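Summary of the model geometry
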Amino acid sequence: MAFIEWTEQNKTNVKVCDDQHKKLFAMVNKLYDAMREGKGKEVMGEILNELLRYTLYHFSTEEELMEKYSYPGFIWHKKEHTELANKAKALKERFEAGEFIMSVEVLNFLKDWLNNHTVGSDKKYGTFLNEKGVF
Ligand SMILES: [Fe+2]
Ligand SMILES: [Fe+2]
């Protein structure tokens, strides 16, 4: 069973964002599998790096869309992204410094973030963009 599953609940109804979210969910599952299989630090670090890079790319996609259509909640949403990115970077640094935090802490952070942020904040811009004819 997958660690985290994308469902209709996570749907923003904006295709590019939903596709990126699905990919992010899959990457978290990949990290979970690697951990369960007892993969080494190098493999885990690589997946974590890839995940972080893709997350930043995803944030910029959303921010560009929100800005383009003058989404009223843009500033707040962007602030949430910045906070999440900072937390993720800090976890990555601790991981690289040799702390064994990979397991529960990182995975739960990613799971909560993906679920809460997509169901909470992302869905809101989805509704707004849909009203502007963006799907
Ligand atoms: Fe998102
Ligand atoms: Fe977002």
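Above this note sits the structure.
First, a word on what this report is: a plain description of the structure on this page. Position numbers for residues count from 1 along each chain, tracking the sequence in the order it is written. Going through the entries in the order they are written, you letter the chains from A and number the ligands from 1. A pLDDT threshold of at least 70 governs which residues receive local features in this predicted model, and a stricter bar of 80 or more applies before side-chain atom pairs are shown or counted, although totals over entire chains, interfaces and linings include all residues.

A few words now on the environment of Phe-59. With respect to the helices and strands, Phe-59 occurs in helix α2 (residues 41-68). Residues with at least 20 neighbouring C-beta atoms inside 10 Å of their own are called buried, those with 12 or fewer are called exposed, and the rest are partly exposed, where every C-beta is derived from the backbone. On the basis of neighbour count, Phe-59 is assigned to the partly exposed category, with 18 C-beta atoms found within 10 Å. Starting at the N terminus, helices and strands are each numbered in turn, a helix being any DSSP run of H or I of at least four residues and a strand any DSSP run of E of at least two.

To define a nonpolar core, we join buried Ala, Val, Leu, Ile, Met, Phe, Trp, Tyr and Cys residues through C-beta atoms within 7 Å and take the resulting set. Among the nonpolar cores identified, the biggest contains eleven residues, and these are Leu-24, Phe-25, Met-27, Val-28, Leu-31, Ile-47, Leu-48, Leu-51, Val-106, Leu-110 and Leu-114. For this core, the secondary structure elements donating two or more residues are α1 (15-36), α2 and α4 (102-131). Sort the elements by how many residues they give to this core and α1 lands first, with five residues. The contacts of Leu-24, once residues within four sequence positions are left out, are Tyr-54, Thr-55, His-58 and Leu-114. Among the nonpolar cores identified, the runner-up in size contains five residues, and Cys-17, Tyr-71, Tyr-125 and Leu-129 belong to it. Once C-beta atoms have been placed from the backbone, residue pairs whose C-beta atoms lie within 7 Å are recorded as contacts.

Here a helix's expected span is defined as the number of its residues, less one, multiplied by 1.5 Å. The end-to-end C-alpha distance of helix α3 (residues 74-96) is 33 Å, a good match for the 33 Å that 23 residues give at a rise of 1.5 Å each. Of the residues trailing α3, Gly-98 is marked for its positive phi of about 100°.

Within the secondary structure, Thr-118 is located in helix α4. Among the residues examined, Thr-118 registers 21 C-beta atoms within 10 Å and is labelled buried. In this structure, the C-alpha to C-alpha distance between Thr-118 and Asn-10, residues 108 residues apart in sequence, is 5.6 Å.

Attention shifts here to the packing of α1 against α2. The contact between α1 and α2 brings their axes to 10 Å, and the two run at 165°. Relative to α2, α1 is oriented roughly antiparallel. When you trace α1 past α2, the crossing you get is left-handed. The residues of α2 that touch α1, namely those facing Val-16, Cys-17, Gln-20, Lys-23, Leu-24, Met-27, Lys-30, Leu-31, Ala-34 and Met-35, are Val-43, Met-44, Ile-47, Leu-48, Glu-50, Leu-51, Tyr-54, Thr-55, His-58, Thr-61 and Glu-62. Each residue is assigned to one of three groups, with Ala, Val, Leu, Ile, Met, Phe, Trp, Tyr, Cys and Pro labelled nonpolar, Asp, Glu, Lys and Arg labelled charged, and all others, Gly among them, labelled polar. Class assignment of the residues belonging to the contact of α1 with α2 gives a composition of 13 nonpolar, four polar and four charged. Note on method: axes are straight lines fitted to C-alpha atoms, helices fitted across the in-contact stretch only, with angles between N-to-C directions ranging 0 to 180 degrees. For classification, angles of less than 35 degrees are called roughly parallel, those exceeding 145 degrees roughly antiparallel, those between 65 and 115 degrees roughly perpendicular, and all remaining angles oblique. Here is the rule for handedness: rotate from the far helix to the near one, and if that takes an anticlockwise turn smaller than a right angle the crossing is left-handed, while a clockwise turn gives right-handed.

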